[in-house]
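Remarks on the overall topology
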Amino acid sequence: MLSVWQRSLHKDTYSYWTLGFSNNTYRLLYKNSCRILFLKRYSWKCPFQYSLCAFRKNVVHMSKGQETEISSRDWKLRLGAISKFSRPHTVRGTLLAAISGCLRATLEGGFFVSKSLLFRAMLGVVALILGNIFIVGINQIYDIEVDKVNKPFLPLAAREMETPLAWFVVVISGIGGVVITSLYFSRLILYLYISGLSFGALYSLPPFRLRRWPWMAAITISFVRGFLLNFGVYHATKAALGMRFQWNPTILFTACFMTVYACVIALAKDLPDVQGDKQYRVETFAAKLGIETVVKLVIALLLFNYMFAIVVGFIAPVGAFRRRTMLVTHSCLALLWIRESKRLQTNNKQSLVEFYRSIWNLFYAEYCILPFL
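Note that the structure is a prediction, hence the values are computed from the model and not measured. (Residues numbered from 1 in each chain as written. Predicted model: local features only at pLDDT ≥ 70, side-chain atom pairs only at ≥ 80, totals over all residues. Heavy atoms only, no water.)

Description of the overall build of the protein chain
Per the secondary structure count, the protein chain includes 16 helices and zero strands. Taking all 373 residues of the protein chain together, the buried fraction comes to 47%. Counting contacts in the protein chain only where the partners sit at least 6 residues apart, residues at least 24 apart contribute 74% of the total. (Helix = DSSP H or I, 4+ residues; strand = E, 2+ residues; numbered from the N terminus. Buried < 20%, exposed > 50% of the residue type's maximum accessible area, 1.4 Å probe, protein only. Contact = heavy atoms within 4.5 Å.)

What follows is the structure in structure tokens.
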């Protein structure tokens, strides 16, 4: 009796012989068959080795006596898939957080930004984006089956991108971010960066999969995107300017406000995905408590966040904030949030998607005004 492995190889090699390939071409195809079959079976044991296959594996048209070629269209499709794989809306949030934190720290110091500091800041932004890609990439790799129901437009779920290429992007992003941070920033920033990557990875990586517990999922997202991101960027900018880090009303407000906001995102992100989460027994607040309950919680929590900002603007000592900017901007954002909440139809998935998108839009708006408070 032939094993499954042997039968698979026998079937592939027989089909190659019948096509009339030369001996050299046959040996090449036989080696590729062995490697691909082995990696498909044992990739979970060595993700890094599996990711290296992304450059070696040729998804191209082969014929007798011809070399492998990749058309420009194939590269465009792959680059488009990598762009979708990075989840652009999260990249925008990370980018705005980096710019906002750097700008705030620079305005407080009143320093002229030199070319070297600007170059360092750009490297920091690149490291943050790479870390973002690392975290969302791991989540997509281990949630392919769930995403086929919840988010069929994602490249892995839609089969627009292969798993080896996804692993390659994830591994390179993680290594690249750590290397940049270790070379150009302090040891504290490096530790904070590695902590963010670790918590983000544990959110999806088995056997930990912190997302299995709704409270742990919310705490992880709030900690990484709410506290670590904002504190780390501000601290790194202060260090680059040669200034000692000190807690002040602005950074305290930013850390608290964005931590609560990240918790809102953690609660709302599962609202359109209840069907797939229930099918694959993924415990989320939306799946356990129901969509309507979580929607009410999200609306109340974000409205409370805006009320908190308005109250802080009223009671803060003179000079701590630009009071008029603080009150006017957050009052307008609160009104916009109330309007978006009234538009929501909880029994319509597309309406839930738009509701979640509006949360991110207000998130971007907050980062745009934070440096000027």
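Alright, that's what it looks like, and here's the rest.
Quick notes on the UniProt feature "transmembrane region" (unreviewed entry) in the protein chain
The positions that UniProt labels "transmembrane region" (unreviewed entry) are, in the present scheme, residues 117-142, 165-185, 190-209, 215-237, 249-268 and 297-321. Within the segment residues 215-237, helix and strand shares are 100% and 0% respectively, and the terminal C-alpha atoms sit 32 Å apart. In residues 249-268, the share of helix is 100% and the share of strand is 0%. The end C-alpha atoms are 28 Å apart. (UniProt positions renumbered as here; feature names shortened; annotations may be inferred.)

Re the side chain of Thr181
Checked against the element boundaries, Thr181 lands in helix α8 (residues 163-184). Leaving out residues up to four positions away in the same chain, Thr181 has contacts with Ala127, Ile189, Leu190 and Tyr193.

Focus: the packing of helix α10 (residues 214-240) against helix α16 (residues 349-369)
In the contact formed by α10 and α16, the axes pass within 15 Å of each other and the chain directions differ by 20°. Classified by the interaxial angle, the pair formed by α10 and α16 is roughly parallel. Here α10 runs over α16; the crossing is right-handed. Along the contact surface, α10 presents Arg225, Leu229 and Asn230, while α16 presents Trp360, Phe363 and Tyr367. Looking at the contact of α10 with α16, its residues break down into four nonpolar, one polar and one charged. (Axes fitted to C-alpha atoms, helices over the stretch in contact; angles between N-to-C directions. Parallel < 35°, antiparallel > 145°, perpendicular 65-115°, else oblique. Left-handed = near helix turned anticlockwise from the far one by under 90°. Nonpolar A, V, L, I, M, F, W, Y, C, P; charged D, E, K, R; others polar.)

A few points about a nonpolar patch on the surface
A surface patch of nonpolar side chains, amounting to about 480 Å² of accessible area, comprises Phe119, Ile175, Val179, Leu183 and Tyr184. Sorting elements by how many residues they give to the nonpolar patch places α8 first, with four residues. Position of Phe119 relative to the elements: it lies in helix α6 (residues 115-141). (Patch = residues over 30% accessible without salt bridge, like charges linked within 9 Å, V, L, I, M, F, W, Y side chains within 5 Å. Areas by Shrake-Rupley, 256 points an atom, 1.4 Å probe, with all protein chains shown as cover. Salt bridge = Lys/Arg side-chain N within 4 Å of Asp/Glu carboxyl O.)

Digging into α10
Counting along an α-helix, one turn takes 3.6 residues, and residues three or four places apart therefore face a common direction. The terminal C-alpha atoms of α10, which comprises 27 residues, lie 38 Å apart, in line with the 39 Å expected from a rise of 1.5 Å per residue. Leu228 marks the point of greatest bend in α10, at about 35°. Where burial is concerned, most of α10 is hidden: 20 out of the 27 residues are buried. Phi turns positive one or two residues past the end of α10, at Gly242, with a value near 75°. (Expected span 1.5 Å × (residues − 1). Bend = angle between axes of the 7 residues up to and from the residue.)

Considerations on the packing of α8 against helix α9 (residues 187-202)
Look at α8 against α9: their axes get within 9 Å of each other, and the N-to-C directions meet at 165°. Considered as vectors, α8 and α9 are oriented roughly antiparallel to each other. Read as a crossing pair, α8 and α9 show a hand that is right-handed. In contact with Gly174, Gly177, Val178, Thr181 and Ser182 of α8, α9 contributes Ile189, Leu190, Tyr193, Ile194 and Leu197.

Topic: the environment of Gly93
Tracing the backbone through its elements, the reader meets Gly93 in helix α5 (residues 88-109). Counting along the chain gives 268 residues from Gly93 to Asn361, while the straight-line C-alpha distance between them is 9.3 Å. With near-sequence residues (within four places) excluded, Gly93 lies in contact with Arg225, Trp360, Phe363, Tyr364 and Tyr367.

Some details on the confidence of the model for the protein chain
Summary statistics for the protein chain give a mean pLDDT of 82 and a share of 79% for residues scoring 70 or more. Considering only residues more than four positions removed or in separate chains, one finds that residues 1-22, a stretch of pLDDT under 50, has 25 contacts. In the model, residues 36-70 has pLDDT below 50 throughout and makes 42 contacts with residues more than four positions away in sequence or in other chains. (pLDDT = per-residue confidence, 0-100.)

Some words on α9
Taking 1.5 Å as the rise per residue, α9 with 16 residues should run 22 Å; its terminal C-alpha atoms sit 22 Å apart, in good agreement. Buried residues along α9 sit in contact with α6, α8 and α10.

Quick word on the nonpolar core
Formed by 48 residues in total, the largest nonpolar core has its most connected members in Phe253, Tyr261, Val298, Tyr306 and Ile359. Only α5, α10, α11 (249-268), α13 (285-289), α14 (291-315), α15 (323-343) and α16 provide two or more residues apiece to this core. Per-element tally for this core: the top contributor is α16, with 10 residues. Every residue in contact with Val298, bar those within four places of it in the chain, is listed here: Val264, Leu267, Ala268, Trp337, Phe355 and Ile359. (Core = buried A, V, L, I, M, F, W, Y, C linked by side-chain atoms within 4.5 Å.)

A word on the environment of Leu205
Assignment of secondary structure puts Leu205 in the loop between α9 and α10. Residues Leu205 and Ile141 lie 64 residues apart in sequence; the distance between their C-alpha atoms is 9.4 Å. When neighbours within four sequence positions are excluded, Leu205 is seen to be in contact with Ile138 and Tyr142.

Quick word on the packing of aromatic side chains
This structure, assessed with the given rule, holds 17 aromatic pairs. Measuring from centroid to centroid gives 6.3 Å for Phe119 and Tyr184, while their planes differ by 80°, and the two rings are edge-to-face. Residue Phe119 is found in helix α6, and its partner Tyr184 is found in helix α8; the two are separated by 65 residues along the sequence. Overall, the relative accessible area of 46% leaves Phe119 in the partly exposed class. The rings of Phe253, Phe257, Tyr261, Tyr306, Phe308, Phe321, Trp360, Phe363, Tyr364 and Tyr367 are connected pair by pair, giving a single aromatic cluster. Taking the ring centre of Trp75 as reference, the NZ or CZ of Arg78 above it sits at 5.9 Å. (Phe/Tyr/Trp six-rings, centres within 6.5 Å; stacked < 30°, edge-to-face > 60°. Lys NZ or Arg CZ within 6 Å of the ring centre and 35° of its normal.)

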